[in-house]
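Each chain is listed here by its residues.
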Amino acid sequence: MSDDLATVSVVIDNTRYAVPRGATVLEAARAQGIYIPTLCAHESLTPYGGCRMCIVEVDGFRNFPTACTTPVAEGMVVRTDTAQLQAMRIDILQLLMSEHTSSCLVCGEKDECRRYSTTIRKVGITTGCRFCAKDGQCEFQEVAERLGVRTIDYPVHYRGMRVEDEDPFYDRDHNLCILCGRCVRVCQEVRVADVLGFKYRGRRAVVGPAFERTHVEAGCEFCGACVAVCPTGALAEKARKWEGKPDREVHTTCPYCGVGCRMRLRVREDRMIGTLPDADPAGGEGQLCVRGRFCVSEVVNEPRRLRRPSRGAGSIAAEITWDEAIARAAERLAACAPGTFRMLVSPCLTNEDLYVAQKFARVALGTNDIDCTARTAYGSGFPAYLDLLRGGATLADVRRASAILCVGLDTRFGRSVVGVELRRAARQGRKVVTLHARPHNLTRIAERWLRPAPGGELALLRDLLAAVASPGTGGASPAGDVAAAAAILRGAEAPAILLGSELLPYDRSAELLQTLADLARRLGARIVPLPAQNNLRGTLEMGAYAGLLPGGAAVADAAARSRLERLWGVPPPAAVSGWNAGNPAAGARGVLYLVGETLPPELRATSDHVIYQNIYPLPFSRPADLALPAAAFTEVDGSCIHADGRVLRVRPAVAPPAEALPDWEILCRVARRMGKSGFEFADAAAVRAEIARVVEGFPAGGESDAPRPYRGAGAVSVPPAAAPAAEAGPRPFVLTAAALEHVHRGFPLTTWVEGAERLFPAGVAALHPRDAAAAGLSEGDEIAVEAPDLRGVWRVRIDPEQPAGALHVTLRHGERLSRNPCRVEVRKCHV
Amino acid sequence: MFRVFASRMIVPNIHVLTLEAPAVASVARPGQFVIVRAEEEGERVPLTLADWDARAGTITLILMNAGSTTNRLARLAAGDAIPTVAGPLGNATKIEPLGTVVCVGGCYGIGSVFPIARALREAGNRVITVLEARSAYLFYWEERFRAISEKLFFVTRDGSRGLKGHVARLPEILTGLGEPVRRVFANGCTFLMKSVSEATRPAAVPTVVALNPIMIDGTGMCGVCRVRIGGTMQFACVHGPDFDGHQVDWEELLQRRKTYLREEVLPFMTSRPAAPPHHPETGTCAWKER
């Protein structure tokens, strides 16, 4: 008898154990190292009792209960490994094997056959383990081997279902499915997505979206959670089929957006072969979206990566040694006249890279002309957006909120982990209100969908503010919705406002953000910014802007400058030229140094000399004057700062290709060659140590789980927004444009990830079918979209849910509109 | 351009492809092969003729979807066309009246051994056929073999049909026949042909195997298909593809076949959706003939 309330005493296989009260027999046995075979059980899912592998004998129980669904009880006597149980398990497994392509499992020549299967075999349809992506990593294989099954005593039946390989990222072969239901449960319980379910009955039973919808139609986010839990090869990651079993895993942070998910990099023989979510310190298994789960290996393993330094010679890039490259860079930069050096940095860089980059500009070149390209995605509201990062609002605020207002947010393929939080909130009866002009994935869970006309978001937000401020008002339609939404938000406890990026590129984003701030103040709500860039907060804290010093002081702050002077040995420059990434061609011609960024073609023409430091070559026919190969995020030690102030580590998993080096190290080498001191960092940790002396609250270890408000007094300046042009002429369409978010180091992910094209198309304009018919347009036609100061050529997608009279485009990377939204004319190209 | 007359997956992962190639069909003989390309920029792969019809001007190939080119071939539909069908190549299998002969086919070799078995039967032999597959659902052309075979044996790895195991069980079958076997013909993967040769070696039953090394031109120019037979180097394309299985250096063949393992995989290291099968209008499978 156990006298501890937290434990009960049970006998498992003749040995007495004290096990936690409330545990299942399976959990209790596993905790003692006792093996019970399972297929459907999974530690992050509710017990299911479907596969019957874990049957045990319990004294006093009739029949054979499944260990995964049976809770332990005081004095329980369990046997897990009797001859009868093993015989029954083998019998059950044989039944499963008879409908799985199991011949290799019972083949006596399998080892010899494996040696002789010399050509690749994972292309077509799996008809045995040698053809299967999961060979060697399959739980079904493992259970069959542990139980010692040598024969299949039932008639073998191949179900002959079509292999579904037409979606990107993973294949589905239902002929290998054992209907364990793990994918269904993970989709419902962990992702709260309900895309997958069981269809049909008996021998026709399969897993998939109901009502014959495709995965895309059913709202699948391609998060890959189902693929990760599949015990067989039924769900298999396309790009990983030949990569085999990882040797090791490295814990790091996803670089693809500001949600900052933790991820495990899976490595085999110094090659990245995949990623999986890492445990979330807030609890749970952790999550990833399609980008983190499926878009890493192709990006870093890409054969076109920059491997060695090169110099541009006409249209040719000639490889040179590092020594020559550094010497050339140092020589050219030393010769730079004042005001002729600019540096553009990517918000995907680590803190270490950003800190060294701004120090390089300020110390080695004596200029404040450094800027981050992130601003180009934010319109006039960039300073206001950066102010939102001061709040340190976290996803925990979303978990506390009884009502959540989402503004311009779609969580399907980006920030999908936030979408899971929202679905969980809705399932718990908390209220979600979404404001978005176009159909998006939150409409399924939203209590109210505030749907402004495209371009009418600001007006609607102001209506909402008015309705919150004085109940009973609401103006015209959709007044009912506005009043109802206002009532929901007003009555809420700790409401939260989640800000997506749909509206941020609008010209009037400053006013939008101001209205949101007023609304938040009125409601007592916290605004949770969800930046698309993974280290936007890092660009701020490291001082990667002209007017901003590391630590957040304004460049104009003489005391802050002298503090830095004491550390750096040279005074930081005080002058600010007004040049920025929003207008990078302004000012005198000179040297442009790009760190982790590409450049718009027009900038190539207006720069005398381009030093280009990145992981891929420039996508133009004319190479950079100097191209320096950088290491990717899977290859460097570093850190980034989450929007809420947590500092997250980036860890190296594999060696960089050939001679590529971390960005900060390249900059240091150039600076040292220029004879500048203060760039003698031995490693990234040394850079972090210096950052910790400059940036308040920055942990020298480069990792901290505590959200931090940001107190920097300096602000990022933006040029005043151009006055809205007069809407002359009866142009028939309202054009709204969203920025492409799936960008890493200046390149859209679609450049390197072939499966991404299907999910993240850019340069595609959505049009209502009636508008398309009236203009004689069909799906896929190229259209010219014109206004007096604007012209874009995009491909038509006909979308019945797009509002009539409105055109929406996701811009290609680097594409910018002079006004957004604006009224345009549309005509078909190539008629 | 060679038009696809018919194409279908006959059993999981094995495809039967009928092409219009009248020049090949008019002179083809059992045991010969053709070299095909799935697209103009594609690699050349050898495939043994599984059947042909001189009057209709068509040839039939059986292929397993196992790599870049076979994957493209497997996605062809009737009406598509491929740029290259070169053949017939290689020496025809020597067909002579011997008495009792055994034909062993496995996997795609079930298709390629069929014309040999049929010709042997027409030459007056008693044909015993042994078909091998991982499981019962992977057998095809059973009726065609039944029509020409005195006896038909099945071997499956999982025991779902006939004997359980591999062709290593051939000696049991041969002993059980109660009649002397004059020659064994084996078609299939390298492992199957090696296993057959090992199985017949103790009783010294002459064994003919159709070797499948990597091959480029198929006419003796490139030398990629070299194989060591009884210590001398031979080209599978012009000296074979049939060789005495007891004389083949199997280990060397195995090593040579592994040469491009890494390169073979490269086209598939992608998250791209598969081209829709049998969707000629997308242009992703092959060109449509005008």
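Residues numbered from 1 in each chain as written. Chains lettered and ligands numbered in written order. Predicted model: local features only at pLDDT ≥ 70, side-chain atom pairs only at ≥ 80, totals over all residues. Heavy atoms only, no water.

A. Up close: the overall build of chain A. A tally of regular secondary structure across chain A gives 23 helices and 33 strands. Relative to its length of 831 residues, chain A is compact, with a C-alpha radius of gyration of 29 Å against a globular reference of 28 Å. When contacts within chain A are restricted to residue pairs at least 6 apart in sequence, those whose partners lie at least 24 apart make up 69%. On chain A, roughly 31500 Å² of surface is accessible, and the fraction owed to carbon and sulfur atoms is 51%. Taken together, the 101 basic and 95 acidic charged side chains of chain A have centroids lying 1 Å from each other. (Helix = DSSP H or I, 4+ residues; strand = E, 2+ residues; numbered from the N terminus. Rg over C-alpha atoms; globule rule 2.2 N^0.38 Å. Contact = heavy atoms within 4.5 Å. Areas by Shrake-Rupley, 256 points an atom, 1.4 Å probe, with all protein chains shown as cover. Lys, Arg positive; Asp, Glu negative; His and termini not counted. Charge placed at Lys NZ, Arg CZ, Asp CG, Glu CD.)

B. Spatial organisation of unusual backbone geometry. All names here are of chain A. Across the junction of Asn820 and Pro821, the peptide omega takes the value -5°, indicating a cis bond. Among the structural elements, Pro821 can be located in the loop between β32 (806-810) and β33 (822-828). Notably, Phe169 is not glycine yet its phi reads approximately 75°, a positive angle. Tracing the chain through its elements places Phe169 in the loop between α4 (139-147) and β5 (170-172). Note on Phe169: relative accessible area 1%, which makes it buried. For Arg745, which is not glycine, the phi torsion reads 50° and is therefore positive. Along the chain, the position of Arg745 falls in the loop between β27 (743-744) and β28 (747-748). (Buried < 20%, exposed > 50% of the residue type's maximum accessible area, 1.4 Å probe, protein only.)

C. Representation of the sheet that holds strand β4 (residues 77-79) of chain A. Residues and elements named next belong to chain A. Strand order across the open sheet formed by four strands is β2-β1-β4-β3, with mixed pairing between neighbours. Strand pairing shows two members of the sheet lacking a second neighbour, β2 (15-20) and β3 (57-58), which therefore form its edges. In this sheet, β4 lies alongside β3 in antiparallel orientation, the contact comprising two bridges. Looking at β4, one finds that Val58 is bridged to Val78. (Pairing = 2+ DSSP bridges.)

D. Structural context of the packing of aromatic side chains. Residues and elements named next belong to chain A. Overall, the coordinates contain 22 aromatic pairs over all chains when judged by the stated rule. Geometrically, the ring pair formed by Tyr170 and Phe294 is stacked, given 6.2 Å between the ring centres and 25° between the ring planes. Placement of the pair is Tyr170 in strand β5 and Phe294 in helix α7 (residues 290-294), with a sequence separation of 124 residues. Residue Tyr170 is classed as buried on the basis of its relative accessible area of 1%. The class of Phe294 is buried, set by a relative accessible area of 6%. Taking the centre distance of 5.2 Å and the plane angle of 80° together, the rings of Tyr616 and Phe747 count as edge-to-face. Highlighted residues: Tyr616 in the loop between β22 (609-614) and β23 (626-629) and Phe747 in strand β28, separated in sequence by 131 residues. Comparing Tyr616 with Phe747, the two get one shared label, buried. (Phe/Tyr/Trp six-rings, centres within 6.5 Å; stacked < 30°, edge-to-face > 60°.)

E. Focus on empty space enclosed by the protein. Taken as a whole and judged by the stated rule, the model has 10 cavities of 30 Å³ or more. Counted as a void, the largest cavity has a volume near 280 Å³. Lining the largest cavity are 24 residues; nearest its centre among them are Arg121(A), Cys107(B), Arg134(B), Arg157(B) and Cys189(B). Among the elements of the structure, α3 (110-116) of chain A together with β9 (126-133) and α6 (190-200) of chain B are those that each provide at least two residues to the lining of the largest cavity. Considering every element that reaches the lining of the largest cavity, the biggest residue donor is α6(B), with three residues. Its residues placed into classes, the lining of the largest cavity shows 13 nonpolar, five polar and six charged. (1 Å grid on protein atoms, 1.4 Å probe; cavity = no way out; pocket = protein on both sides within 12 Å on 5 of 7 lines; lining within 4 Å. Points joined across faces, edges and corners; volume = space filled by probe spheres on them. Nonpolar A, V, L, I, M, F, W, Y, C, P; charged D, E, K, R; others polar.)

F. Representation of the nonpolar core in the model. Formed by 194 residues in total, the largest nonpolar core has its most connected members in Phe360(A), Leu464(A) and Tyr593(A). A total of eight residues in this core trace back to one element, the largest contributor, which is helix α10 (residues 351-364) of chain A. (Core = buried A, V, L, I, M, F, W, Y, C linked by side-chain atoms within 4.5 Å.)

G. Quick look at the pairing of β23(A). Residues and elements named next belong to chain A. By the alternation rule, side chains of β23 split into Leu626 and Leu628 and Ala627 and Pro629, which are all buried. Note that strand β12 (residues 310-313) and β23 share two bridges and pair antiparallel. Opposite Ser310, over in β23, you have Ala627 as the bridge partner.

H. Region of interest: the interface of chain A and chain B. With 40 residues of chain A in contact, the opposing surface of chain B contributes 39 residues. Each partner contributes to the roughly 3700 Å² buried at the junction of chain A and chain B, and carbon and sulfur atoms together form 60% of this total. Among the salt bridges present, the one from Arg272(B) reaches Glu754(A), with a minimum N-O distance of 2.8 Å. For the side of chain A that touches chain B, a count of residues per class yields 17 nonpolar, nine polar and 14 charged. (Buried area = accessible area lost by both parts, 1.4 Å probe. Salt bridge = Lys/Arg side-chain N within 4 Å of Asp/Glu carboxyl O.)

I. Expanded view of the pattern of salt bridges. For the coordinates displayed, the defined rule picks out 69 salt bridges over all chains. Residues Asp165(A) and Arg75(B) are paired through a salt bridge, measuring 2.7 Å at the closest nitrogen-oxygen approach. In this pair, Asp165(A) is assigned in the loop between α4 and β5 and Arg75(B) in the loop between α2 (68-74) and β6 (81-82), connecting two distinct chains. Each member of the pair, Asp165(A) as well as Arg75(B), is classed as buried.

J. Expanded view of the packing of helix α14 (residues 457-469) of chain A against helix α16 (residues 509-523) of chain A. Residue and element names in this part refer to chain A. Where α14 meets α16, the closest approach of the two axes is 10 Å, and the angle between their N-to-C directions is 15°. With respect to their mutual orientation, α14 and α16 come out roughly parallel. α16 is crossed by α14, and the crossing has left-handed handedness. Side by side, α14 and α16 meet where Glu457, Leu458, Leu461, Arg462, Leu464, Leu465, Val468 and Ala469 of the first sit next to Glu511, Leu512, Thr515, Leu516, Asp518, Leu519, Arg522 and Leu523 of the second. For the contact of α14 with α16, the residue count by class is 10 nonpolar, one polar and five charged. (Axes fitted to C-alpha atoms, helices over the stretch in contact; angles between N-to-C directions. Parallel < 35°, antiparallel > 145°, perpendicular 65-115°, else oblique. Left-handed = near helix turned anticlockwise from the far one by under 90°.)

K. Layout of α4(A). Residues and elements named next belong to chain A. When we look at burial in α4, the residues that qualify are Phe140, Gln141, Val143, Ala144 and Leu147. For α4, the arc enclosing every buried residue in end-on projection is 165°, short of the 170-degree limit, so these residues lie on one face. Among the residues trailing α4, Gly148 stands out with phi positive, at a value near 70°. (Arc of directions from axis to C-beta.)

L. Representation of the state of the cysteines in the model. Residue and element names in this part refer to chain A. Applying the stated criterion to the full structure yields zero disulfides over all chains. Cysteine Cys187 remains unbridged, with the sulfur of Cys226 as its closest cysteine sulfur at 6.8 Å. Taking the relative accessible area as the measure of exposure, Cys187 reaches 9% and is therefore buried. (Disulfide = S-S within 2.5 Å.)

M. Structural context of the sheet that holds strand β19 (residues 496-499) of chain A. Residue and element names in this part refer to chain A. Across the sheet, which stays open at both edges, the five strands sit in the order β18-β17-β16-β19-β20 with parallel pairing between neighbours. Unpaired on one side and paired on the other, β18 (448-450) and β20 (526-529) mark the two borders of the sheet. Each strand axis lies, on average, 20° off the axis of its neighbour in the sheet, ignoring direction. Inspection of the sheet shows strand β16 (residues 403-407) paired to strand β17 (residues 431-435) by five bridges, in the parallel sense. What sits directly across from Cys406, in β17, is Thr434.

N. Here's a closer look at the confidence of the model for chain B. Residues and elements named next belong to chain B. Of all residues in chain B, 95% attain a pLDDT of 70 or more, and the chain-wide mean is 90. Below pLDDT 50 for its whole length, residues 278-290 participates in 32 contacts with residues either more than four positions away or in separate chains. Taken together, the chains of this predicted complex give a pTM of 0.91 and an interface ipTM of 0.89. (pLDDT = per-residue confidence, 0-100.)

O. Examining the environment of Ala168(B) more closely. All names here are of chain B. Mapped onto the secondary structure, Ala168 falls in the loop between β11 (163-164) and α5 (170-177). For Ala168, a relative accessible area of 47% puts it in the partly exposed group. For the pair Ala168 and Val155, spaced 13 residues apart in sequence, the C-alpha to C-alpha distance is 9.9 Å.

P. Spotlight on the environment of Ile691(A). Residues and elements named next belong to chain A. Examined against the element boundaries, Ile691 turns out to sit in helix α21 (residues 684-694). As a C-alpha pair, Ile691 and Glu352 span 339 residues in sequence and 7.9 Å in three-dimensional space. In contact with Ile691, other than residues within four places in its own chain, are Asn351, Glu352, Tyr355, Met542 and Phe698.

Q. Representation of the side chain of Asn368(A) in the model. All names here are of chain A. Within the secondary structure layout, Asn368 lies in the loop between α10 and β15 (370-372). In this structure the side chain of Asn368 is engaged in a polar contact, spanning 2.6 Å, whose partner is the side chain of Arg362. From its side chain, Asn368 meets the backbone oxygen of Ala575 in a polar contact 3.0 Å long. What Asn368 contacts, discounting residues up to four positions off in sequence, is Arg362, Ala546, Val555, Pro573, Ala574, Ala575 and Val576. (Polar contact = N/O pair within 3.5 Å; in protein donor to acceptor, adjacent residues only side chain to side chain.)

R. Structural view of the side chain of Glu741(A). Its place among the elements puts Glu741(A) in the loop between β26 (733-738) and β27. Sequence-distant contacts of Glu741(A), that is, excluding residues within four places in its chain, are made with Arg291(A), Arg415(A), Ser501(A) and Ala532(A).

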